[in-house]
Amino acid sequence: MSNSNLKNKWVIITGASSGFGEAAARLFAAHGARLILGARREDRLKNVTEACIKAGAPAAIFHRLDVSQKASVDAFSAWVAGRTPTVDFLINNAGGAHGMEPVELGRDEDWEAMLQINVMSVLRMCRAFIPVLKKTPGSMIINIGSIAARVPYANGAAYCAAKAGELAITKALRLELNGTGVRVGTIDPGMAETEFSMVRFKGDAEKSAKVYAGVEPLTAEDVAEAMLWVASRPPHVNIDEIVMKCTDQAEIYKTHRRSN
Ligand code: NDP
Ligand code: 8X3
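The shown structure was predicted, so the numbers you read here are calculated from the model rather than taken from an experiment.

*Asks:* Would you mind going over the nonpolar core with me for this structure?
*Replies:* Among soluble globular proteins, nonpolar side chains are generally buried collectively. Within the largest apolar cluster, 43 residues are counted, with the highest numbers of intra-cluster contacts made by Phe 28 and Leu 35. Among the elements of the structure, β1 (10-14), α1 (19-30), β2 (34-39), α2 (42-55), β4 (89-92), β5 (140-144), α8 (220-232) and β7 (241-244) are those that each provide at least two residues to this core. The element that contributes the greatest number of residues to this core is α8, accounting for eight residues. Apart from residues lying up to four places away in sequence, Phe 28 is in contact with Leu 6, Val 11, Ala 33, Leu 35, Ile 91, Ala 224, Met 227, Leu 228 and Ala 231. Counting 29 residues, the second-largest nonpolar core is a separate cluster that includes Trp 10, Ala 59, Trp 79 and Ile 141.

*Asks:* In this structure, what is going on with unusual backbone geometry? I would like to understand it.
*Replies:* Across residues other than glycine, the phi torsion is negative in most instances, and most of the peptide bonds are trans. Despite not being glycine, Asn 155 has its phi angle at roughly 75 degrees, a positive value. With respect to the secondary-structure elements, Asn 155 resides in the loop between β5 and α5 (157-176). Classification of Asn 155 as partly exposed rests on a relative accessible area of 34%. The residue Lys 202 is not glycine, and still its phi comes out positive at about 55 degrees.

*Asks:* What am I meant to see in the site of ligand 2 here?
*Replies:* Around ligand 2 lies a shell formed by Ser 146, Ala 148, Tyr 153, Tyr 159, Phe 196, Arg 200 and Ile 252. Here an oxygen atom of ligand 2 sits 2.5 Å away from a polar atom, N or O, in the side chain of Ser 146. Note that an oxygen atom of ligand 2 is positioned 2.7 Å from one of the side-chain N or O atoms of Tyr 153. Protein contacts shield 84% of the accessible area of ligand 2, which totals 240 Å² for the unbound molecule.

*Asks:* Can you help me understand the pairing of β5 in this one?
*Replies:* Each regular strand shows side chains that alternate between the opposite faces of the sheet. The element β5 is extensively covered by neighbouring structure, given that five of its five residues are classed as buried. By the alternation rule, side chains of β5 split into Met 140, Ile 142 and Ile 144 and Ile 141 and Asn 143, which are all buried. Bridge analysis of β4 against β5 gives four bridges, and the strand direction is parallel. When the bridges of β5 are listed, Asn 92 appears paired with Asn 143.

*Asks:* I would appreciate a short explanation of α5 in the present structure.
*Replies:* An α-helical turn contains 3.6 residues, so any two residues separated by three or four positions project in the same direction. Between its terminal C-alpha atoms α5 stretches 28 Å, which fits the 28 Å expected from 20 residues at 1.5 Å a residue. For α5, the set of buried residues is Ala 158, Tyr 159, Cys 160, Ala 162, Lys 163, Gly 165, Glu 166, Leu 167, Ile 169, Thr 170 and Leu 173. Buried-residue contacts for α5 involve α4 (108-133), β5, β6 (183-189), α6 (196-200) and β7.

Rules used in this analysis
Residues numbered from 1 in each chain as written. Chains lettered and ligands numbered in written order. Predicted model: local features only at pLDDT ≥ 70, side-chain atom pairs only at ≥ 80, totals over all residues. Heavy atoms only, no water. Core = buried A, V, L, I, M, F, W, Y, C linked by side-chain atoms within 4.5 Å. Buried < 20%, exposed > 50% of the residue type's maximum accessible area, 1.4 Å probe, protein only. Helix = DSSP H or I, 4+ residues; strand = E, 2+ residues; numbered from the N terminus. Contact = heavy atoms within 4.5 Å. Near = heavy atom within 4 Å. Polar contact = N/O pair within 3.5 Å; in protein donor to acceptor, adjacent residues only side chain to side chain. Areas by Shrake-Rupley, 256 points an atom, 1.4 Å probe, with all protein chains shown as cover. Pairing = 2+ DSSP bridges. Expected span 1.5 Å × (residues − 1).

This is the structure we're talking about:
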């Protein structure tokens, strides 16, 4: 395929069992990258891994990963170390929202889950893999944030706070890694139709469908294309931040919806 320079690069993608992570795995595979995939649903990961091999990946392997658990991140990184001494890209994509209520009705378990999967996960994965990434100048950490990091919205306080945390971590890492040759950046999408809303609304398909009613949202493939572009820049180019939204979404609260 095209000259993305990803051939044989080792790429870790968290949350590769659906949505952006799955689409990125398939796309990077088609560009000849070697994939290391993590998520909790191993049956899904197995299917994605097989699809990656079919798409042209010289290697694609997976391991169960729960980014909310330190022990699971430690086990994952030890498993990776047994398979490759170097890693070129770490894509911290796993995450999401749990619930959508005003703060006065919020549940601790939802808040804790969101802070774990969107914030602690990025810290833990970076701590585990920065020493490995440092072995390969030009390597990169790509974090998946959200426009929620930039514009807080009602009933999304904990998710917005979590994604603002991810953005702060990305910016701090940019400073910490300066001079090491390790790049770091964030891709912050607006609404995209994946399993995101079904997870947020705990399987309520009606509520989930309403999010996208009358709009043409981003697709997982759109976001995967952005990841590919960021990863394909030459080592002296660091894409710090990308904010991307569907054309219908001018701002979190300003979305054009068609009536039919
Ligand atoms: P999906 O729900 O389709 O995918 C989320 C992925 O994260 C799944 O693969 C899931 O895997 C994984 N995940 C969730 N919790 C954990 C965990 N504890 N440990 C490991 N993996 C986990 O949603 P998206 O693809 O849309 O979301 C991907 C990222 O993009 C998230 O960080 C989300 O916040 C962000 N985002 C999404 C937007 C949207 O509108 N869709 C917009 C902006 C940002 P599994 O359940 O198998 O563990
Ligand atoms: C997901 C997009 O607008 O629901 O991060 O926060 S939004």
